[in-house]
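A closer look at the structure
In case you want the letters, here they are:
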Amino acid sequence: MIIAIDGPAAAGKGTLAKRIAATLQLPYLDTGILYRATAKRVLEAGGNPEDVSTALTAAQSLSAADLARNDLRDAATSKAASQVASIAAVRQALLDFQRHFGTAHGAVLDGRDIGTIIFPQADIKLFVTASVEARAQRRYQEFCARGETVALAEVIADVQARDEADRTRTAAPLMMARDATLIDTTDMDADTAFACALALIHGKTT
Ligand code: CDP
């Protein structure tokens, strides 16, 4: 079974996807990590994340250790991830890895283009979103929990700018697949979102 979970920044896709994967005993892939790790390699080498050949070389040389890093979620890496992700050649370089990951034993994958490009035939497609205020507030709490100092207004601006870039790029723009089910978590806590998603999955698979 392939479960595709897409949506804008900080919508709670990761939390939801991990829980669904654990419950259904499926492998889980956070595909955002691929773009974040690519961006980190570029930034650490002093490169420009908008430069096609620099970003492509970084994407092609990703290792398991790059993906396992725990310093990929800061604001600069998030912005650069969105920049490398807008490059078609980078997306192409990361495509096979994502498809292979899912095809062996089934999987839950979260990202921006899972239901549209990576697995258009996914068994279940969820599009998880929330108001920009709710999403920025959650991201702000994550920064605070990690001890990073950042202003809420800055987080709102970053989330809005990244959503705009992700939605308007030509390469695999963020959009809801026609056959996806929308889950708006603005007024839902994580438990409610999980219960809602699980009910949808059971409804479609039994
Ligand atoms: O956790 P958050 O929703 O903020 O971001 P993420 O899922 O880690 O993705 C970081 C960036 O990678 C996004 O802003 C997208 O530009 C890009 N991305 C993408 O283009 N396609 C994916 N399947 C996953 C992420």
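Everything below is about the structure printed above this text.
Before going into details, it helps to say that this report is about the structure given with it.

Quick notes on the rules
- Residue numbers restart at each chain and count upward from 1, following the sequence in its written direction.
- Reporting in this predicted model follows two pLDDT cut-offs: at least 70 for local features of residues, and 80 or more for side-chain atom pairs to be given and counted; totals over whole chains, interfaces and linings ignore these cut-offs and use all residues.
- Computation of side-chain values: all heavy atoms of the structure, hydrogens and water removed.
- Cavity means a closed set of points on a 1 Å grid over the protein atoms alone, one where a 1.4 Å probe fits but cannot get out, pocket means an open set with protein on both sides within 12 Å along at least 5 of 7 lines, and lining means a residue has an atom within 4 Å of a point.
- Grid points are joined across faces, edges and corners, and a volume is the space filled by probe spheres set on the points.
- Secondary structure elements follow DSSP: runs of H or I of four or more residues count as helices, runs of E of two or more count as strands, with numbering from the N terminus.
- Under the convention adopted here, Pro, Cys and the residues Ala, Val, Leu, Ile, Met, Phe, Trp and Tyr are nonpolar, Asp, Glu, Lys and Arg are charged, and Gly plus all remaining residues are polar.
- For this purpose, a residue is taken to be near a molecule or strand whenever a single non-hydrogen atom of the residue falls within 4 Å of it.
- Contacts described as polar in this section are N or O atom pairs within 3.5 Å, which, within protein, must combine one atom able to donate a hydrogen with one able to accept it, while residues neighboring in sequence count only if both atoms come from side chains.
- Using a 1.4 Å probe, the Shrake-Rupley method yields the accessible areas, and only the shown protein chains count as cover for residues.
- Occupancy of a cavity or pocket is assigned to a molecule whenever over half of its atoms lie within 2 Å of that pocket's grid points.

Re the layout of surface pockets
- By volume, the largest pocket amounts to about 760 Å³.
- At the level of elements, α1 (13–24), β2 (28–30), α2 (32–44), α5 (75–85), β3 (107–111), α8 (132–145), α9 (152–168) and α10 (190–205) are the ones that each hand at least two residues to the lining of the largest pocket.
- No other element matches the 6 residues that α1 contributes to the lining of the largest pocket.
- Of the residues assigned to the lining of the largest pocket, the class counts are 12 nonpolar, 9 polar and 17 charged.
- What the second largest pocket holds in volume is close to 280 Å³.
- Lining of the second largest pocket is provided by 17 residues; of these, A75, S78, K79, D158 and R162 occupy positions nearest its centre.
- Mapped by element, the contributors of at least two residues to the lining of the second largest pocket are α5, α8 and α9.
- Classifying every residue of the lining of the second largest pocket by side-chain character gives 7 nonpolar, 4 polar and 6 charged.

Regarding the site of the ligand
- As a structural note, the neighbourhood of the ligand is formed by 19 residues, with R36, R73, R91, R139 and D166 the closest of them.
- With respect to the ligand, the side chain of R91 contributes an N or O atom lying 2.7 Å from an oxygen atom.
- Interatomic distance of 3.0 Å between a side-chain N/O atom of R112 and an oxygen atom of the ligand.
- In isolation the ligand offers 530 Å² of accessible surface; the protein chains occlude 97% of this area.
- Most atoms of the ligand, that is more than half of them, are within 2 Å of grid points of the largest pocket.

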